[in-house]
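# Structure at a glance
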Amino acid sequence: MNRTFRWAALGLALTTAVVALAQTQARKPAPPADDLRAVDIALRRAIAERLPQFPPVDEVRTTPIPGLYEVRFGTEIRYSDAKGEYLIEGDMVDLKTRRSLTPARVVTLTAVDFNALPLADALVTKRGTGARRLAVFEDPNCGYCKQFERGLTDVKDVTIYTFLIPILGPSSQERSRAIWCSKNPQAAWQDWMLRSIPPPTVEGNCDDGALARNLAFSRKHQINGTPALVFQDGTRIPGAIGPDQIEERLKRAADKMS
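Note that this is a predicted model, so its numbers are computed, not measured.

### A short note on the overall build of the chain
- A count of helical and extended segments in the chain gives 8 helices and 11 strands.
- With 258 residues in all, the chain has 42% of them scored as buried.
- Per element, the accessible surface of the chain, about 14000 Å² overall, is 53% carbon and sulfur.

Written as structure tokens, this is what we have:
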């Protein structure tokens, strides 16, 4: 789904070492901006030279641990010393709050502004009052998406925006186009995903530009797998989750938005 980078050749990096370092060192103010810029330059150069097969560093930030820096590759988080001599893979845990800081940072990085979603390019399903809103990026040939859709039928009082992103090959493109171009796209989608009834063959011309726009949007926001869920508060969940979890996330999003 998301890009993952493995540093087996560098040996195992233990998160507990990070935690121990946090316990033994007093917290200090962040370094001056000039110092951080120097560290940024040094880390980018060192990682590019020592790990040339890796993508370029997107961002370098300070962490609560003095001398340890967050290094971001897309939405992947790693940690390094100021010279780029060591690279640590794992979660940073704040022992006072028992909070894992790394996943929280990833949630922030992957958040999508719900109001920025191109809703006109989505299939729309309204259940009950439709008061709650959920966006889902799906491929019609995705088995996990079919599993997810079956569970989604149990969720009430929600408006679901389904963005077709045919990423699993040519047949996904053909099936997505057939669904989008049918007389009743939402019914065609439900027939296929829930009942395995193929969409009708497309006859004549059809404006299927929404599919290309959906793919471009998903690439921009690094939505690389299906299903991918976006809740109204902007939080994103990769992969299929059950109706109970969907309900919990919808409630959490509603509470944050109120």
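Picking up after the structure, the text goes on.
### Concerning the state of the cysteines
- Within this structure, the stated rule accounts for 1 disulfide.
- A disulfide bridge connects Cys 181 with Cys 206, and the sulfur atoms are separated by 1.7 Å. Given an S-S torsion of about -85 degrees, the disulfide between Cys 181 and Cys 206 has left-handed geometry. Taken together, the positions of Cys 181 in the loop between α5 (170-180) and α6 (185-195) and Cys 206 in the loop between α6 and α7 (209-220) put the pair 25 residues apart, joining distant regions of the chain.

### Overview of the sheet that holds strand β3 (residues 76-80)
- Spatially, 4 strands are ordered β1-β2-β3-β4 in an open sheet, and the strand pairing comes out antiparallel. If you trace the sheet from one side to the other, it starts and ends with β1 (59-62) and β4 (87-88), each paired once.
- Of the strand pairs in this sheet, strand β2 (residues 69-73) and β3 are connected by 5 bridges, and their pairing is antiparallel. From the neighbouring strand, Glu 70 faces β3, where its bridge partner is Tyr 79.
- Most of the contacts of helix α3 (residues 101-110) go to β3, to which it runs at about 135 degrees, and overall it touches β1, β2 and β3.

### Describing the side chain of Glu 149
- Its location among the elements puts Glu 149 in helix α4 (residues 143-152).
- With no salt bridge to any partner, buried Glu 149 finds its closest opposite charge in Arg 127, at an N-O distance of 5.3 Å.
- If sequence neighbours within four positions are ignored, Glu 149 has contacts with Glu 138, Trp 189, Gln 190, Met 193 and Leu 194.

### Description of the packing of aromatic side chains
- One pass over the structure, following the stated rule, counts 3 aromatic pairs.
- Each ring, one from Phe 114 and one from Tyr 161, has its centre 6.2 Å from the other, and the planes form 70 degrees; the classification is edge-to-face. Taken together, the residues Phe 114 in the loop between α3 and β7 (123-127) and Tyr 161 in strand β9 (residues 158-164) connect sequence positions 47 residues apart. Of the two residues examined, Phe 114 and Tyr 161, each falls in the buried class.
- Between Phe 137 and Phe 217, the ring centres sit 5.9 Å apart and the planes meet at 5 degrees, which makes this aromatic pair stacked. You can see Phe 137 sitting in strand β8 (residues 132-138) and its partner Phe 217 sitting in helix α7, a full 80 residues away along the chain.
- Looking at Phe 137, the relative accessible area reads 0%, which means it is buried.
- A relative accessible area of 12% places Phe 217 in the buried class.
- Clustering of aromatic rings is evident, with ring pairs tying together Phe 137, Phe 163 and Phe 217.
- Directly above the aromatic system of Trp 192 lies the positively charged group of Lys 146, at a separation of 3.9 Å from the ring centroid.

### Observations regarding the sheet that holds β8
- Pairing within the open sheet is mixed, and its 5 strands lie in the order β7-β9-β8-β10-β11. Each edge of the sheet is formed by a strand with only one pairing partner; in this case those strands are β7 and β11 (236-238). The average undirected angle you get between the axes of adjacent strands in this sheet is 20 degrees.
- Bridging between β8 and strand β10 (residues 228-231) involves 4 bridges; their strand directions are antiparallel. Among the inter-strand pairings, Phe 137 is bridged to a residue of β10, identified as Ala 228.

### Digging into α3
- When we look at burial in α3, the residues that qualify are Thr 102, Arg 105 and Thr 110. In an axial view of α3, the angular spread of the buried residues amounts to 125 degrees, which keeps them on one side of the axis.
- Elements in contact with the buried residues of α3: β1, β2, β3, β6 (99-100) and β11.

Conventions and cut-offs
- Residues numbered from 1 in each chain as written.
- Predicted model: local features only at pLDDT ≥ 70, side-chain atom pairs only at ≥ 80, totals over all residues.
- Heavy atoms only, no water.
- Helix = DSSP H or I, 4+ residues; strand = E, 2+ residues; numbered from the N terminus.
- Buried < 20%, exposed > 50% of the residue type's maximum accessible area, 1.4 Å probe, protein only.
- Areas by Shrake-Rupley, 256 points an atom, 1.4 Å probe, with all protein chains shown as cover.
- Disulfide = S-S within 2.5 Å.
- Pairing = 2+ DSSP bridges.
- Contact = heavy atoms within 4.5 Å.
- Axes fitted to C-alpha atoms, helices over the stretch in contact; angles between N-to-C directions.
- Lys, Arg positive; Asp, Glu negative; His and termini not counted.
- Salt bridge = Lys/Arg side-chain N within 4 Å of Asp/Glu carboxyl O.
- Phe/Tyr/Trp six-rings, centres within 6.5 Å; stacked < 30°, edge-to-face > 60°.
- Lys NZ or Arg CZ within 6 Å of the ring centre and 35° of its normal.
- Arc of directions from axis to C-beta.

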